[in-house]
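Structure at a glance
The chain contents come next:
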Amino acid sequence: TDQGVYKVSDPVYGGYSYYWRGAVTNNYVKFAGKCWRIVRINGDGSMRLIYDGATCHANGTSTADSIAVASTAYNTSYIQSNYVGWTYTGTSQRTLSGTASNAKTKLESWYNSNIGNNTTYSSKVADGKYCNDRNVGTGGSSTSWSASGTSFYYAGLTRRDSNSPSLACNSEDVYTLKVGLITSDEVIYAGGRAASNTSYYLYNGQKYWTMSPDRWDGTYARVFLVSSIGYLDYDWVNYTIGLRPVINLKSDTQFQAGGNGTLDNPYVVA
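Numbering of residues starts from 1 in every chain and runs along the sequence as written. Only residues with pLDDT of 70 or above have their local features reported here, since the model is predicted, and side-chain atom pairs are shown and tallied only from 80 upward, although totals for entire chains, interfaces and linings are computed over all residues. With hydrogens and water excluded, all non-hydrogen atoms of the structure serve as input to the side-chain values.

The next thing to look at is the overall build of the chain. To qualify as a helix, a DSSP run of H or I must reach at least 4 residues; to qualify as a strand, a run of E must reach at least 2; elements of each kind are numbered from the N terminus. When helices and strands are counted, the chain shows four helices and 17 strands. Computed over C-alpha atoms, the radius of gyration of the chain comes to 17 Å, within 12% of the 18 Å expected from 2.2 N^0.38 for 270 residues, which places it in the range of a compact globule. Considering only C-alpha atoms, the chain reaches an extent of 55 × 40 × 35 Å along its principal axes. Burial analysis of the chain (270 residues in total) assigns 53% to the buried set. A contact between two residues is defined here by any heavy atoms of the two lying within 4.5 Å. Taking contacts inside the chain between residues at least 6 apart in sequence as the whole, the part at least 24 apart equals 62%. Here the chain has roughly 10500 Å² of accessible surface; of this, 45% comes from carbon and sulfur atoms. Computing the positive centroid from 22 side-chain charges and the negative centroid from 19, the chain places the two 2 Å apart. Radius of gyration: over C-alpha atoms. The globule rule applied is 2.2 Å multiplied by the number of residues raised to the 0.38 power. Under the scheme applied here, a residue whose accessible area is under 20% of the maximum for its type counts as buried, over 50% as exposed, and between as partly exposed, the area being computed with a 1.4 Å probe on protein chains only. All accessible-area figures derive from a Shrake-Rupley calculation using a 1.4 Å probe, and residue coverage is judged against the displayed protein chains alone. The positive count covers Lys and Arg only, the negative count covers Asp and Glu only, and His and the chain ends enter neither. We put the charge of a Lys on NZ, of an Arg on CZ, of an Asp on CG and of a Glu on CD.

And the structure:
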């Protein structure tokens with residue numbers, strides 16, 4: 001009963017975002033010689049896509065082809081809470097510069113090899129806004145941030161456990177990027193939860209990272225992932241799993257006539 005396209009406030013882009021949810025079958029896009037799935041139309045009219053592989057796959061298909069970069073640690077450093085950052089520095093809670101996470105480095109290398117080095121493709125990719133929410137949530141041993149002290153939840157975990165996703169994000173955690181990863185909130189909007197779910201379009205039978213911090217457990221920094229059974233789970237940042245690139249097409253991107261977004265007749269970028 002909750003499969004389709006839904007509307008939600010989009011504070012980062014402004015206005016509203018329209019997101020695809022459940023086992024939808026009308027969000028396939030062919031771009032840059034690859035298949036993608038539409039995650040949402042952002043508040044500025046740009047279109048957010050997640051990588052689906054060299055070819056398109058039906059919902060419920062377990063395939064490693066939809067993983068662009070395999071066996072990758074989110075970060076090789078893990079013994080401070082700030083290592084959940086897409087970038088990090090010293091013992092600060094957040095930064096938009098500093099040292100790039102391992103996932104950021106590997107993902108951008110993939111993008112440059114497959115899209116960035118082709119002006120026809122790269123000219124259609126918008127500067128997307130990606131949230132790496134490092135606010136502290138409730139429910140942990142502490143509600144204060146520290147680099148290596150008492151364990152605490154990041155806000156994304158509080159939202160997952162209360163089933164209250166949001167597209168809001170602290171401006172100090174919003175990166176402007178050509179490529180990033182899906183967030184835990186976007187996974188929840190799509191149909192993910194803290195339980196197995198193999199009947200929504202983000203399930204691919206593989207484990208892959210999000211770019212949303214989960215918690216500091218007192219020893220290891222943890223980040224959310226989508227598990228091989230579609231569970232919105234988490235693990236230590238030095239755990240090695242896959243990356244599914246997320247990009248945004250510009251709002252004026254043109255599509256070839258005739259496509260209807262289905263597996264056998266996807267939208268095709270002109």
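Moving on, we come to the nonpolar core. Joining through side-chain atoms within 4.5 Å is the link that ties buried Ala, Val, Leu, Ile, Met, Phe, Trp, Tyr and Cys residues into a set, and such a set is a nonpolar core. With 59 residues, the main nonpolar core has Phe31, Trp36, Trp86, Ile115, Leu202 and Ile247 as its most contacted residues. Each residue touching tryptophan 36, except ones within four places of it in the same chain, is listed here: Asn27, Tyr28, Val29, Phe31, Leu49, Ile50, Tyr51, Asp52, Trp110, Ile115, Pro245 and Ile247.

Moving on, we get to the environment of arginine 134. Relative to the elements of secondary structure, arginine 134 occurs in the loop between strand 9 (128-131) and strand 10 (152-153). By relative accessible area, arginine 134 is classed as buried at 1%. Expressed as a C-alpha distance, the spacing of arginine 134 and tryptophan 145, which sit eleven residues apart in the sequence, is 9.2 Å. Within the structure, the side chain of arginine 134 is placed 3.0 Å from the backbone oxygen of threonine 87, a separation counted as a polar contact. By the criterion applied in these results, polar contacts are pairs of N or O atoms within 3.5 Å in which, for protein atoms, one can donate a hydrogen and the other can accept it, and in which residues neighboring in sequence qualify only through two side-chain atoms.

Let's shift gears to the pattern of salt bridges. In the sections that follow, a salt bridge refers to a side-chain nitrogen of Lys or Arg positioned within 4 Å of a carboxyl oxygen of Asp or Glu. Enumeration according to the criterion identifies 13 salt bridges in this entry. The network of salt bridges with common partners includes Asp10, Arg40, Arg48 and Glu186.

Note that a disulfide, as used here, is simply two cysteine sulfur atoms within 2.5 Å. One pass over the full model with this rule turns up two disulfides. Put simply, cysteine 35 and cysteine 56 are joined by a disulfide, and their sulfur atoms are 2.0 Å apart. Taking the sign of the S-S torsion, 100° for the link of cysteine 35 and cysteine 56, the bridge is right-handed. Taken together, the residues cysteine 35 in strand 4 (residues 34-41) and cysteine 56 in the loop between strand 5 (47-53) and strand 6 (69-73) connect sequence positions 21 residues apart.

This part is about the environment of asparagine 204. Topologically, asparagine 204 is positioned in the loop between helix 4 (184-190) and strand 12 (208-216). In this structure asparagine 204 comes out as buried when scored by relative accessible area, which is 3%. For the pair asparagine 204 and threonine 61, spaced 143 residues apart in sequence, the C-alpha separation works out to 5.7 Å. Residues within four places of asparagine 204 in sequence aside, it is in contact with Thr61, Ser62, Thr63, Ser66, Ile67 and Arg244.

For the rest of this paragraph, the subject is the pairing of strand 2 (residues 16-21). Paired strands, as defined in this entry, are two strands with at least two bridges between them according to DSSP. Here strand 1 (residues 4-9) pairs with strand 2 via six bridges, running antiparallel. Across the sheet, valine 5 pairs through a bridge with tryptophan 20, a residue of strand 2. The loop that links strand 1 with its antiparallel partner strand 2 comprises six residues; one of these, glycine 14, has a positive phi angle of about 95°. By the bridge criterion, two bridges tie strand 2 to strand 4 in an arrangement that is antiparallel. Residue pairing across strands places tyrosine 19 opposite arginine 40, the latter belonging to strand 4.

What follows covers empty space enclosed by the protein. For cavity detection a 1 Å grid was placed over the protein atoms alone, and a set of points counts as a cavity when a 1.4 Å probe fits there but cannot get out; an open set counts as a pocket when protein lies on both sides within 12 Å along at least five of seven lines, with lining residues being those that have an atom within 4 Å of a point. Grid points are joined across faces, edges and corners, and a volume is the space filled by probe spheres set on the points. This structure, assessed with the given rule, holds three cavities of 30 Å³ or more. Counted as a void, the largest cavity has a volume near 150 Å³. Considering the residues around the largest cavity, the lining is formed by 20 residues, among which Arg40, Cys131, Leu167, Cys169 and Thr183 are closest to the centre. Looking at the lining of the largest cavity, the elements with two or more residues in it are strand 9, helix 3 (155-161), helix 4 and strand 12. All amino acids are sorted into three groups, where Ala, Val, Leu, Ile, Met, Phe, Trp, Tyr, Cys and Pro are nonpolar, Asp, Glu, Lys and Arg are charged, and the leftover types, Gly among them, are polar. Class assignment of the residues belonging to the lining of the largest cavity gives a composition of eight nonpolar, five polar and seven charged.

The subject of this paragraph is the packing of aromatic side chains. By convention, a stacked pair of Phe, Tyr or Trp rings (six-membered ring in the case of Trp) has centres within 6.5 Å and planes under 30 degrees apart, an edge-to-face pair has planes over 60 apart, and any other such pair is tilted. By the definition in use, this model includes 13 aromatic pairs. Between the aromatic rings of tyrosine 74 and tryptophan 209, the centroid separation amounts to 5.8 Å while the plane-to-plane angle is 65°, which identifies the pairing as edge-to-face. Pair noted here: tyrosine 74 is in the loop between strand 6 and strand 7 (87-88) and tryptophan 209 is in strand 12, with a separation of 135 residues, a long-range link. For the pair tyrosine 74 and tryptophan 209, one class covers both residues: buried. Pairing tyrosine 78 with tyrosine 220 gives two aromatic rings, centres 5.0 Å apart and planes at 15°, and the pair type is stacked.

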